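Fold and geometry: a report
What follows is the residue order along each chain.
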Amino acid sequence: MSLEILSTQKSFGGWHKRVRHHSQTLDCDMVFAVYLPPQAEQPGARLPVLYWLSGLTCTDENFMQKAGAQRMAAELGLIIVAPDTSPRGADVPGDPDGAWDFGHGAGFYVNATQAPWSQHYRMHDYVVEELPALIEANFPASDQRGISGHSMGGHGALVCALRHPGRYRSVSAFAPIVNPMNCPWGEKAFSRYLGEDRTQWREWDACELIAQASERLPLLVDQGEADGFLTEQLKPEALQAAATAAGHPLTLRLQPGYDHSYYFIASFIEDHLRHHARALAG
C-alpha cells in the first residue's frame, strides 16, 4: 500500500509523522498521524500501539498537538496512532445543512448501512481492521493494541473494544458518549447512518454491549464534572449502571472543575497512558 508522508517532526527523541493513504474501506484518501517513540529505532523493535479516536469536528491533529502525550509515550515506549474522525473529500457526502455534528468530522465510528452514507462511512472497520493492518505492515508496531478516545471517540473506543474481544489489551476514554441511543448527538447520527430501526442501534451503544460482552476488559473513564455536555449528551451514570448490572470492571473518575476541552485531556493523559502501558506490557 502506498503511503505519502506529509510531514515529520522530532518530538521527545521520537518522530511525529502525518501520513496519507487511500482507504479501500472508506473509498477515499485518509490522513492519520503516528508518533514513533525513540525505542522504535532500535533494531528489530516491535512496539505496542495505542489507537486514539478523537471527537466531533476533530482531525488527527487535535490530540497530537494538544494532549501532550508524546513525552510519556517516549518514556513508556508506546506508538500512538490517531486517525481522522471521518472520511472526507469532494465525493464524500457531508451534512446537507452544513451542521458540525454530522458528516465530515462526525463519522461516529460506525459502519453505515443507509445510502448515501454506506459507501464511505465505515469508520469502525477502518479503525479495527484496515488501519492496524497498515500500521503493523509499515511501522515497527506489534499486534499488542490499546484503544482510547474523547467524546465521540470515547464512544468509538468503548464500542471497538466491546465488539472485538481479544483484539485490544486495554481501553480507556475521556468524556465518552456512552449511551448514543439516548442522546441528541447519537440519535441524529444513528438515524441517518443506520436507519430508523432502533434495534439496529444497540450494537453501537456501549451500555447495550456491556450486558453481552464475553470479555471483561477493564474500562478506565475520566469525566469532567464541569463539562457542558455532561447531562444531555454524555450521561456517565448510564455506563456505571450498565457495568454494575453486568459485573464489568469500570473505573469511572468524576473530575471536579474540568470541562470537555483538551485542557482536561492533557491533565489526565499520563494516567491513561500508564494504564495502557501496564496492560500492553503484561
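Our structure's up above, just so we're on the same page.
Since the model is a prediction, treat every value here as computed from it, not as a measurement.

Within the protein chain, the secondary structure is distributed over 9 helices and 9 strands. A separation of at least 24 residues holds for 71% of the contacts in the protein chain among residues at least 6 apart in sequence. Surface summary for the protein chain: the accessible area is close to 11,000 Å², and the carbon and sulfur share equals 48%. Side chains of the protein chain carry 22 positive and 32 negative charges; the gap between the two charge centres is 5 Å.

So, on to the sheet that holds strand β3 (residues 28-36). As summarised here, the arrangement of the 9 strands in space is β1-β2-β3-β5-β4-β6-β7-β8-β9, forming an open sheet in which the pairing is mixed. Sheet topology places β1 (4-11) and β9 (250-255) at the edges, where each strand pairs with a single neighbour. Mean inter-strand twist for the sheet, computed between neighbouring axes without regard to direction, equals 20°. As defined by bridge partners, strand β8 (residues 219-224) adjoins β9 across 6 bridges and the pair is classed as parallel.

Here we take up helix α3 (residues 123-138). Every α-helix carries 3.6 residues per turn, so stepping three or four residues along brings you back to the same face. The axis of α3 is deflected most strongly, by about 35°, at Leu 131, and proline Pro 132 appears within four residues downstream. Of all the residues in α3, the buried ones are Met 123, His 124, Tyr 126, Val 127, Val 128, Glu 130, Leu 131, Pro 132, Leu 134, Ile 135 and Glu 136.

On to the nonpolar core, then. Core analysis: the biggest nonpolar cluster contains 93 residues, and Phe 32, Phe 63, Phe 108, Ile 135, Ile 147 and Tyr 193 have the highest contact counts within it. The element best represented in this core is helix α9 (residues 262-281), accounting for 8 residues. Discounting chain neighbours no more than four positions away, the residues touching Ile 147 are Leu 50, Tyr 51, Leu 53, Val 127, Ala 157, Cys 160, Ala 161, Tyr 168, Ser 170, Val 171, Ser 172 and His 276.

For the rest of this paragraph, the subject is the pattern of salt bridges. For the structure on display, the rule yields 17 salt bridges. Glu 4 serves as the salt-bridge partner of Arg 20, at 3.1 Å between the closest nitrogen and oxygen. Of the two residues, Arg 20 sits in strand β2 (residues 14-23) while Glu 4 sits in strand β1, which places them 16 residues apart along the sequence. According to the relative accessible area criterion, Arg 20 is partly exposed, its value standing at 32%. Residue classification places Glu 4 among the partly exposed positions, given a relative accessible area of 40%. Members of the salt-bridge network, linked through shared partners, are Arg 71, Glu 75, Glu 270 and Arg 274.

Summarising burial for β3: 8 of the 9 residues are buried, a large majority. Where β2 and β3 come together, 9 bridges link them in antiparallel fashion. Within β3, the position partnered with His 16 by the bridge is Tyr 35. Between β2 and β3, which pair antiparallel and follow one another directly, the connecting turn spans 4 residues, one of which, Asp 27, has a positive phi of 60°.

Take Glu 136: it is sitting in helix α3. Accessibility expressed as a relative area gives 19% for Glu 136, which makes it buried. Along the primary structure Glu 136 and Arg 46 are separated by 90 residues, whereas in three dimensions their C-alpha atoms are 8.8 Å apart. Aside from chain neighbours lying at most four places away, what touches Glu 136 is Arg 46, Tyr 51, Ala 141, Ser 142, Asp 143 and Arg 145.

A separate point is the packing of α3 against helix α4 (residues 152-163). Contact pair α3 / α4: the axes reach a minimum separation of 11 Å and the direction vectors enclose 60°. Relative to α4, the element α3 is oriented oblique. Where α3 crosses over α4, the two elements pack in a sense that is right-handed. Of α4, the residues touching α3 (which contributes His 124, Val 127 and Val 128) are Val 159, Cys 160 and Arg 163. Considering only residue class, the contact of α3 with α4 consists of 4 nonpolar, 1 polar and 1 charged.

The rules behind each value
Residues numbered from 1 in each chain as written. Predicted model: local features only at pLDDT ≥ 70, side-chain atom pairs only at ≥ 80, totals over all residues. Heavy atoms only, no water. Helix = DSSP H or I, 4+ residues; strand = E, 2+ residues; numbered from the N terminus. Contact = heavy atoms within 4.5 Å. Areas by Shrake-Rupley, 256 points an atom, 1.4 Å probe, with all protein chains shown as cover. Lys, Arg positive; Asp, Glu negative; His and termini not counted. Charge placed at Lys NZ, Arg CZ, Asp CG, Glu CD. Pairing = 2+ DSSP bridges. Axes fitted to C-alpha atoms, helices over the stretch in contact; angles between N-to-C directions. Bend = angle between axes of the 7 residues up to and from the residue. Buried < 20%, exposed > 50% of the residue type's maximum accessible area, 1.4 Å probe, protein only. Core = buried A, V, L, I, M, F, W, Y, C linked by side-chain atoms within 4.5 Å. Salt bridge = Lys/Arg side-chain N within 4 Å of Asp/Glu carboxyl O. Parallel < 35°, antiparallel > 145°, perpendicular 65-115°, else oblique. Left-handed = near helix turned anticlockwise from the far one by under 90°. Nonpolar A, V, L, I, M, F, W, Y, C, P; charged D, E, K, R; others polar.

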